[in-house]
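In case you want the letters, here they are:
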Amino acid sequence: MNIYRYEESNKWFDRAVKVIPCGVYGHFSPAPYAPVEAYPFFSNKADAARFWDVDGNEFIDYMCAYGPMVLGYNHPAVEAAFQEQHSLSDANSVASPRMVELAELLCDLVPVAEWAFFARNGADVTNLAVMVARAATGRDKVIAIKGGYHGTSPWMQAPGHHGTIADDHQHVIRIPWNDLNALDQVLAEHGSQVAAFMASPYHHPIFEDNVLPAEGYWQAAIDKLHKNGSVVIVDDVRAGFRLHLGGSNEHYGFKPDMIAFSKAIANGYALSALVGTDALRLDAAKVFHTGSFWYCAGSFAAAIACLTTLKAEKGPERMRVLGEKLTSGLRDVAAGHGYTLVVSGEPAMPYLRLADDDTLMLQQAWCGECTRRGAFFTSHHNWFLSTAHTDGDIEKTLQIADDAFKVIKSEFGH
Amino acid sequence: MIDQLKARLNLKAVLRNVELLPEIDDLSRELIKDWEISIRLSIWRDTNILLNFHNGRCTFLADTIEKGTVSLFFCSAAHLNNMMENNASPLPLSGFTRLGFLKTEFSKLTSRLEYFLKPPSDVVQDDRHKMINLSLALSTAVFAIPELLQLDPVSRRIAPQLSAGTLQLSVLPEGPYAYVIYDGKGGAKAFTGKAARPEALLTFRNPEIAQLLVDGTLDSFGAVAKGDIQLRGKIPLIDHTNVILDQIPKYLQ
């Protein structure tokens, strides 16, 4: 099996680091990629479920641009819709009818949605959701989950990290996932100040097993929060439209007051949406929140095509089946080498961990060896399936995984 | 609070190096080879350390009830900090007959420590000198962590996010090495050397890379991408530790 090398990627990184802080920053930065030499940093070609790095190495992509790619790169319907709108008008001085059509589509697809507001990135709409909740309640505090991620605005970041100050976290109270007692305690202590509760539909932190909602957790939490006069916000930026086209809350059987979407909404075009119930419409109207590129119409057209295609192709069901096939296959391959692969989260977005080593080093080595053989795996973050992945991709991935297990077994033993 | 933390860092991270220095510096080893003395430094209503010189070695104890041959008392954290900046003298409580030793012999050792920690700009460092400098800097850094977690405002916000685990810091090919054991309750213990089973590894390709990071002149993300700094295992431990280490210059110049 061919082992990839990354000379061109590294040359680009050398250039990048001279003119860009970190060279490659944020979630693409090299920090969580261990061993770093197993990973490429630059690519300028992608198609369907694959990308090619600047060295020409081909990867079956299980990160899907960290979520936005859901139908496959260069999906013909999405690309055609974008190009048609882009050639007519993208940036403009007034709003596009496509924005209205997309809002109507979301109100049709998503049961909670009685209105929709658009921006570009997930944090744009998680911030907006909190502003709307504060406007609606006249309260300050937000309850969030320990290890939950809602973007990189100062209040969302881990306390103490660079560029944040103590006041950023003054009104954010973090509680453990699935812990109704902790919620009770916070409401008892701060209830009159709690504007909102924000959480992802299931708990998908990095470097840890993902955790589904306990039976009855969401409804019980909603009941408590509504009794307290607080707003319930689901951050569905990562999982939205992969588990259910009506929002991941429909998959789990509950209804929040607002849902933040982004990532998969437009198959890679920059777009996010906040949807909510009618009760919050006026408050959403009063909050001033905007950005220079938030009205660009090409992304609206791409989103309409993306969501329509996902619905027609029963996308979430296909991704679930593919994810189950991939993860059960990988578990079997691991077991064949004497390893135990733990799969958590949802099949369309699985997080995998080798239980044989709680330091994560074995897992990092295995993911690195798979990546150097053409299956782009990260060890710290949940993966993503798309409708473009094929049974053939999964078969090839299992062969790569098998080869990688042989390598780490010779290196680490068992 | 700032004075208190600074004093604890001076005692438990900087002066602690008196234990390590004779192990890595021939001149310091020669200096202490015949010393049979223990020196206690204590701050009123706060912390204390004991430097025990015996059989050509120094051992360090913190927050001990052991008495020293010589006992030096500081009225406050600020008092100790002023002494570290040569602007004050301690109050001797016992060992009056050994005060001469402190002013002559012991001050030679502390001067040697200062020479490595703050090398004069006109001194050209050879490889050995650089390695001692790096070893002391690494030691100071890891022993600062438990104190910062207790008293530094930023580190205190990091503390609840630190899971239990051991972080090994290594400079290839032959050290220095140090490690930090986080207890998962916001506390930590630091050690020099190699941990038995670390859960996270922060490894520098060579001493030059490590020194650049210590000097604050290295783009650490760029170094990670180039493999000059290697991260393995529980990377959040490394991430959080880096934020804590970044606080040291607020207190120690």
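Here is what the cut-offs are and how they apply
Residues numbered from 1 in each chain as written. Chains lettered and ligands numbered in written order. Predicted model: local features only at pLDDT ≥ 70, side-chain atom pairs only at ≥ 80, totals over all residues. Heavy atoms only, no water. Helix = DSSP H or I, 4+ residues; strand = E, 2+ residues; numbered from the N terminus. Contact = heavy atoms within 4.5 Å. Lys, Arg positive; Asp, Glu negative; His and termini not counted. Charge placed at Lys NZ, Arg CZ, Asp CG, Glu CD. Buried area = accessible area lost by both parts, 1.4 Å probe. Salt bridge = Lys/Arg side-chain N within 4 Å of Asp/Glu carboxyl O. Polar contact = N/O pair within 3.5 Å; in protein donor to acceptor, adjacent residues only side chain to side chain. Nonpolar A, V, L, I, M, F, W, Y, C, P; charged D, E, K, R; others polar. Buried < 20%, exposed > 50% of the residue type's maximum accessible area, 1.4 Å probe, protein only. Domains from an automatic or database assignment.

Asks: So what's going on with the overall build of chain A? Which residues, and what values?
Replies: Scanning chain A from N- to C-terminus turns up 12 helices and 13 strands. Taken along its principal axes, the extent of the C-alpha atoms in chain A is 60 × 55 × 45 Å. At a minimum sequence separation of 6, the contacts of chain A that also span at least 24 residues come to 75%. Averaged over its 33 positive side-chain charges, chain A has a centre that lies 1 Å from the centre of its 48 negative ones.

Asks: Please provide a residue-by-residue account of the interface of chain A and chain B, values included.
Replies: The interface is formed by 28 residues belonging to chain A together with 26 residues belonging to chain B. The contact between chain A and chain B buries some 2,100 Å² in all, and 64% of this surface belongs to carbon and sulfur atoms. At the boundary of chain A with chain B, the tally comes to 4 salt bridges. Residue A:Asp357 pairs with B:Arg197 through a salt bridge whose shortest N-O separation is 4.0 Å. At the surface where chain A touches chain B, the tally comes to 6 residue pairs in polar contact (both at pLDDT 80 or more). Only α1 (7–19) and α11 (361–371) of chain A provide two or more residues apiece to the side of chain A that touches chain B. At 3 residues, α1(A) tops the list of elements feeding residues into the side of chain A that touches chain B. Considering only residue class, the side of chain A that touches chain B consists of 17 nonpolar, 7 polar and 4 charged.

Asks: Break down unusual backbone geometry for me, with residues and values.
Replies: In this structure, A:Pro35 follows A:Ala34 across a cis peptide bond, with omega equal to 0°. Its location among the elements puts A:Pro35 in the loop between α1 and β1 (43–47). Note that the residue after B:Leu172, namely B:Pro173, is joined by a cis bond; omega there is 5°. Topologically, B:Pro173 is positioned in the loop between β6 (165–171) and β7 (177–182). One non-glycine residue, A:Lys314, lies in positive phi territory at about 50°. Inspection of the secondary structure puts A:Lys314 in the loop between α9 (297–312) and α10 (315–336). Among the residues examined, A:Lys314 registers a relative accessible area of 58% and is labelled exposed.

Asks: Report on the environment of B:Met1, specifying residues and quantitative values.
Replies: Residue and element names in this part refer to chain B. Its location among the elements puts methionine 1 in the segment before α1 (2–14). Using a relative accessible area of 58% as the deciding quantity, one classes methionine 1 as exposed. Separated by 150 residues in the primary sequence, methionine 1 and leucine 151 have C-alpha atoms spaced 7.0 Å apart.

Asks: Residue-level account of the domain arrangement of chain B, with values.
Replies: Residue and element names in this part refer to chain B. If you check the domain split of chain B, you get domain 1 (2–117) and domain 2 (127–250). Distance between the C-alpha centres of domain 1 and domain 2: 25 Å. Here domain 1 meets domain 2 over a buried area of about 1,600 Å², counting both sides, of which 68% is carbon and sulfur. On the domain 1 side of the contact with domain 2, Leu5, Ile24 and Phe116 bury the most area, a combined 36% of that side's loss. At the boundary of domain 1 with domain 2, the tally comes to 1 salt bridge. Residue lysine 12 pairs with glutamate 147 through a salt bridge whose shortest N-O separation is 4.0 Å. Those elements giving two or more residues to the side of domain 1 that touches domain 2 turn out to be α1, α2 (17–24) and α5 (99–117). Among the elements that line the side of domain 1 that touches domain 2, the one with the most residues is α1, at 7 residues. Taken together, the residues that form the side of domain 1 that touches domain 2 break down as 11 nonpolar, 2 polar and 4 charged.

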